[in-house]
Structures are given as structure tokens and as C-alpha cells.
Protein chains: 2
Amino acid sequence: MSDNERLARAALSRLLEPQDAAGLALVRVVGATDALRIATGQLAFGPELERDITALLADNGGSGIWPGMTAALKRWAPRIPDLAPERDLATMHRLGGRMIIPSDGLWPGQLADLGLHEPICLWWRGLEHELPPAAKSVALVGSRDSTSYGASVTGDLAYSLAQRGFTIVSGGAYGIDAHAHRAALAGAGDIVPTIAVMAGGVDRFYPSGNEDLLRAVANQGAVLAEVPPGSAPTRYRFLQRNRLIAALASVTVVVEARWRSGALNTAHHAETLGRAVGAVPGSVHSANSAGCHRLIREGGAVCVTDAGEIAELASPSGESLVDLVPGQPAAHDGLTLEDLILLDALPLRSTSSVEKLTSVAGLSADSVRAGLGRLGLLGLAESERGGWKRARKA
Amino acid sequence: MSDNERLARAALSRLLEPQDAAGLALVRVVGATDALRIATGQLAFGPELERDITALLADNGGSGIWPGMTAALKRWAPRIPDLAPERDLATMHRLGGRMIIPSDGLWPGQLADLGLHEPICLWWRGLEHELPPAAKSVALVGSRDSTSYGASVTGDLAYSLAQRGFTIVSGGAYGIDAHAHRAALAGAGDIVPTIAVMAGGVDRFYPSGNEDLLRAVANQGAVLAEVPPGSAPTRYRFLQRNRLIAALASVTVVVEARWRSGALNTAHHAETLGRAVGAVPGSVHSANSAGCHRLIREGGAVCVTDAGEIAELASPSGESLVDLVPGQPAAHDGLTLEDLILLDALPLRSTSSVEKLTSVAGLSADSVRAGLGRLGLLGLAESERGGWKRARKA
């Protein structure tokens, strides 16, 4: 790995907004080092480069926003004076963190599913330990202004999933995100129990009310961003950040979301990536569950109510066995129609003769006698002084 | 209509348990009058009758339970002495009710969808007024031990649906059923605001705690059963009764149900009939919502949260227009990517120059100027002393 490549990607992550398709395509076509030189006007380019980028963008459904190389250069130019990749890398080093690029061993392989939209690099605070694969990661996301119901459900889910060895991915925000990170740290199943993916630079922990929590996440897990230190968490970057949350996990679960919510955006990213999406139901009176119900209604999400159902989405092949039928089976399950009718006809306190039962149940005497034998064997009927009654357990 | 046919059906409804497939097939093949004579041994039958019944049952997927005519006769024999159709009709008359048969004008046409399993007759207390078609009827069903949440949601739904002109069909039981009937009476949209379909005879209002309510349902709506006066509401009859609830309405909505619940059985009947099924979500901590979540998860039901969504299921062609997008659109909806980035870059309090914005937003000066123009027109950006800031509404 050349230092040039690393420096170039550090610089490009400041030059380009996340998901700048033209910039990402340029990196794909000529590599990061030459991409930076072209983007900063140090290297000329010919018409074949433009053709290659156009083709790549068309393959990725993004040619509509491609204004041509000259326009792109003009767009990138204003930020060139701000580029200082060595300083950014030094900042991360000072904070005990690092910056990783796709060729690094620590690079999370599941991000490749983003295709052209894979980030240029990741700015990372936390343990120098590889992140778990998508199959062992669950994203829990939701409203900042979560209710006590949302807090309690998120806590239960994150803790139980962590105990089952899942890593909890979220966005480090107030509300559902914070509850998810906190409970995952408490559950601490995997060596990386939780990952916070930030919309702004990881040099500061934002929002400030979550500073202690995010410090704990960095100490025991990982705090990541695709934008360099000092970057503001703009609305646009929040939306782009959501695709990273969705891509890191195999399942995205929306615990609480209003009708319009950033969490739904994360769910849509997950769907686009072919990842499973779950949503937790709640009161129809709660505005904070309206987004979840919308996802479920519109078929964008599976209704999930506990950690077992989420684990099932993460490994649908059944690796994670869950209890599919809670609740006790009833004693009368599996009876034939005739035996069920006969059971209904049996008195609870007094006893009844076979003759009486034939009339009440509308069955022949033979059927009644045979049925009473079967119900007796099952402990559902008992005879007393020549008559029959229902057994206490029936 | 011959009195013989009416008397024969009255007698057959006592002789045969609901959904006695052999008996129903016999009625289909030879008509009710001869069916009663054969079933009571007054008329002989030949092998061709047995062949016809076997074929009819096979067509209806029920040949597995057909033990042959001789066995059926033996099964029916014990109840022959109890038959007293004149007495049963007189009882209904005394109660101000009636008994109707499929050839009557009052017969609900939607019951024909039950095919072979259409009831032989209906014992009816209530207004002598035809019932609304399925498209104007919604079944609301659920737990007997409903929670305050279930009570409140059922009340809201039944009342709103009644006000929209829907008739509410339910089972007259405690809990969700009772709340549904009560709110429908209050909403009183249709001339028949609510229908209670009973598992036992309509001569008495069962359960006794609902006596006043059911009397009100009979006075303003209808209380129906397929079993004759004096019949006990056995477990088997509850399960068969559920198919009538499902068949009378175009939508069956389960408001609250435990993991195992009779309401789920009604939902399955509705599904089998090709009727729409809805389920109301609730707290994942509530055992009374577990059955609803199960239905939604397993694809047996659509998640429904208000009367509008239920009305939509009743007339999916859009006859009943509902507000599809609650919530206010955000001011920044529909912005292009560049304008969204630019909006994010605009300061809230101080102002920023075009040059500064090119760097913060990573856009060319031309793009920034054009974007500021667009945002200004939308009222999202405003200029002040040569600089730009975000407008208050943005």
C-alpha cells in the first residue's frame, strides 16, 4: 500500500461530498492518486476518460447527474485550498484513531455491496480490530425523540441481540440510536459490541449530549465516518451516512419512526442493498410508530417483535434457531372434528350417558364410545359411576 | 316458497351440526325436504345418491371426512327425536324474530361465497330489513379479555367506520366484540349499524353480561345464528360461527388477539374466502397484540391503524378515498441534490458569501449563484447586506 494512495483518498474524502458519483467514478477509472491529480488540475485528461466515466455512471444508473468533467472540476475547485490530508491523518493519530481504505485488512468487506457508492475511505476511532461481517451485525435505528416505549423496546432488543453475539450498528444520535448503543455495550457479546456511524467528522463526538456515550463506543467498539475530521454533520451527509449503516448490517430494524423520518431513509437504503428490513409495531395512537406501521403496510419491512425474530432475518437459513411457537399448546389441539364436538358435549360437573351424548353431540353411539375412549386416553374425559364427564385439564 | 322447505330447513339446522359436509351435500343433491326425509329414514336412497354426494364432496375438498351414507344416518339418528321445527319457528315468532332460508329476499347474498358451507338457514332477531352487502360491512373481532388499548382502538375504529356508513359485524362476546357493537350503535351510519353472529341459539342473549347490549343490537341491527333456539354455544360451534362473520363482511380486522385466539380462526376463514384481512398493531409487550403481529408477520393480514386504511381494504378500487399522506411535506422536499447541499451549507444566523459557500458546499460559483436563486424563490434562502443565510422556514 503506497502512502500516496492513502493520502490521495484522505484528500478526496474532503474534496468530494459523500456519494459524489462523478468523483467516485473518476476514482474507479484512474485510481485514487491520479483522480486527485485530475481533480486538482495537476493532470490533464482526454475524451476517453470522459467516455469511461459516462459509461460507468450509466451502468450505475447515475448518468443523469453527470454534467461532464469540466463542470465537475469547476464544482470541486473551491475546496482545493482546504485539502490537508497529512494534517487530517495526524489528527486521527493523535486521537488514537486511524483512516482505512478499501485495500486495508480492516476494511469491512460488506461495504463492497455499495458498488460505485462504496466510500473512498473510513475515518475510524476505536479498537484496532476488524468489524464483524454483515451476518453478525444488526442496525437499530429510529426517532431522536423516542418515547419510553421505544427506549424500552430498543434496550431489550439491543441487549438480547448483543448477548446472541450480534454487533449493533447505529447512528450515534439521541433517542433510539443512543439506547441501542448503550444496551449493546451492556450486552457486550462480540469483541466489537457496537458501531456508531457518524454524519460529521469523528474528531468530535456529536451531539454533545452523547459525548460520554460515544467515547464509550469508541473505547469498546468503533465510531466511523466517511468524511474527514472537522466536517459538519449536514442534513445531506446524514442521508448519505444512512447507506453505510444499512450496508454494514445484514438487517436494519426501525424501532420507532414518525411518518417522515431519517430512519425510513436508512430502511430504504437497506432495501436497495437487498438487506432485510424489520420494523417494530407499536400503538396506533403513537406518532412515533406511524413510520414503522407505514413500512410494514407498504411491504418495506417485516413486522418484528423480539430479538429472536430479528436474528431469524439475519440468518434466514435457520442458523439462529428461534422458538417459533410461544405459548402452550391447548389440550384439545389436534383432535378430530368428531372428538372436538364430543368434548364440547361432555358436562363439566355432572356426568352424561353415552345415549345422552349421542343426542347432544349428534354422533352415533359407536362414534361416541370410540371418541370417549380416545378422549379418555388423552386425559380429556373421565368416567364416573357409568357416566362420562370432562376431565379437569380439558 | 313452500312451508315444507322452511320446516325442513328448520329441522335440518337442529339435526346437523354447522358445516356437516355430508348433510349439506345431501341438501344440495336432493333439496331440503327430501334431505330431511332421507336423514330421518322416511325415504330410501339408491347408490347414485351416494355417488353424487361423494363427487360433490370431492369437488369441495371434503371427501376425506365422508364415511358413506349409512354411517351418516347412524350419526344423525340420535337427534331425530329432538326435532320440533314448528316449535322453533313459533319461538322465533314470539321473540319478534324470524328464520330465513337462501331463497328468501332477506338472505344475505354474500353467504353464497361459502359454497357448500353456506348455512341451511339463519335464525334472526332484529329489524326486518335486508343486511348490507359485504362491501359495506367490516368485521371487527378480537380477544374477550381486551386491554384498555384494545377497547379504545376498537371504539375509535367501529365508530368511525359506522360514521362512514359501514355495518360492523362481530360475535357478541365480551371484550373487543362488545366494544365494536357498542361503538357501532353510537356511530349508527347504516340502517343496520351492527350485526352480532352468535354461536348458540338466539333465544337467549349470551353471554349474560352482554344481555343489554345484545338486546340493543337486536333492536337496532341484527342478531343471527345458524343453530336453532336452545342450542348451546359449544367450542365447535364458535369455530364454525366464525366463518359466517368472515363471509358477511368484505374485510375482517383483528384488533387484539393472543398468539392463540379464536379471532385468528375468523381471519383464516376470511383469507380462505378471499376476503381482505387486517390486523391492528400494538405494543410488543402486550400478549393481546401477539396474535395480530403474528398475522402481519406471516402475511395473513395487512397492518391497519385507522378507519381510513380499513375502508381502503373494503373498496380497494378507491371508491372510499382516504388521505394517503398524513403529515406536512417538508420545505426542502423535491430539492435537487446540489440545492440540498447548498441549503445545508447556508448559515442560520450570520450570512455567508458566494465564495465561502463554494468551498463549504463543494460547488462551483455558478452552481452556488443559480442555487441561491432557486432557494430564494422557494423562500428557503435570503440575502442580507450582500451575504446569504438560511430563511427562517427552511
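Above this note sits the structure.
This one's a predicted model, so the numbers in the text were calculated from it and none came from an experiment. (Residues numbered from 1 in each chain as written. Chains lettered and ligands numbered in written order. Predicted model: local features only at pLDDT ≥ 70, side-chain atom pairs only at ≥ 80, totals over all residues.)

Things to note about the packing of helix H1 (residues 3–15) of chain A against helix H3 (residues 32–39) of chain A
All names here are of chain A. Contact pair H1 / H3: the axes reach a minimum separation of 8 Å and the direction vectors enclose 45°. With respect to their mutual orientation, H1 and H3 come out oblique. Pair H1 / H3 crosses with left-handed handedness. Between H1 and H3, the contacting residues are Asn 4, Glu 5, Ala 8, Arg 9, Ala 11, Leu 12 and Leu 15 on the first element and Ala 32, Thr 33, Ala 35, Leu 36 and Ala 39 on the second. (Axes fitted to C-alpha atoms, helices over the stretch in contact; angles between N-to-C directions. Helix = DSSP H or I, 4+ residues; strand = E, 2+ residues; numbered from the N terminus. Parallel < 35°, antiparallel > 145°, perpendicular 65-115°, else oblique. Left-handed = near helix turned anticlockwise from the far one by under 90°. Contact = placed C-beta atoms within 7 Å.)

Comments concerning the interface of chain B and chain A
At the junction of the two partners, chain B supplies 41 residues and chain A supplies 41 residues. Elements supplying a minimum of two residues to the side of chain B that touches chain A: helix H5 (69–76), helix H7 (148–163), helix H10 (235–248), helix H12 (287–297), strand S9 (302–303), helix H14 (337–345) and helix H15 (354–361) of chain B. Examining the composition of the side of chain B that touches chain A, we find that four residues originate from one element, H14 of chain B, more than from any other. Split by residue class, the side of chain B that touches chain A holds 20 nonpolar, 11 polar and 10 charged. (Nonpolar A, V, L, I, M, F, W, Y, C, P; charged D, E, K, R; others polar.)

Looking at the nonpolar core
Burial of nonpolar side chains together is a common tendency in soluble globular proteins. Core analysis: the largest hydrophobic core is formed by 208 residues, its most contacted members being Val 138 and Val 254 of chain A together with Val 138 and Val 254 of chain B. Residues contacting Val 138 of chain B, with those up to four places away along its chain left out, are Leu 161, Phe 166, Ile 168, Val 169, Ala 249, Val 251, Val 253, Ile 310 and Ala 314 of chain B. (Core = buried A, V, L, I, M, F, W, Y, C linked by C-beta atoms within 7 Å. Buried ≥ 20, exposed ≤ 12 C-beta atoms within 10 Å, placed from the backbone.)

A word on the packing of H7 of chain B against helix H8 (residues 176–187) of chain B
All names here are of chain B. One way to put it is that H7 packs onto H8 with a least axis distance of 8 Å and a crossing angle of 35°. When the axes of H7 and H8 are compared, the crossing they make is right-handed. Note on element contacts: H8 touches H7 through Ile 176, His 179, Ala 180, Ala 183, Ala 184, Ala 186 and Gly 187, opposite Gly 150, Ala 151, Thr 154, Gly 155, Ala 158, Tyr 159, Ala 162 and Gln 163. Class assignment of the residues belonging to the contact of H7 with H8 gives a composition of nine nonpolar, six polar and no charged.

Topic: the sheet that holds strand S7 (residues 251–256) of chain A
Residue and element names in this part refer to chain A. Here we have nine strands laid out as an open sheet, ordered S1-S2-S6-S5-S4-S3-S7-S8-S9, and mixed in their pairing. Single-partner strands in this sheet number two, and they are strand S1 (98–100) and strand S9 (302–303). Here two bridges tie strand S8 (residues 276–279) to S9, and the two strands are oriented parallel to one another. By the bridge assignment, Ala 279 is partnered in S9 with Cys 303. (Pairing = 2+ DSSP bridges.)

Geometric values such as these leave the question of function open.
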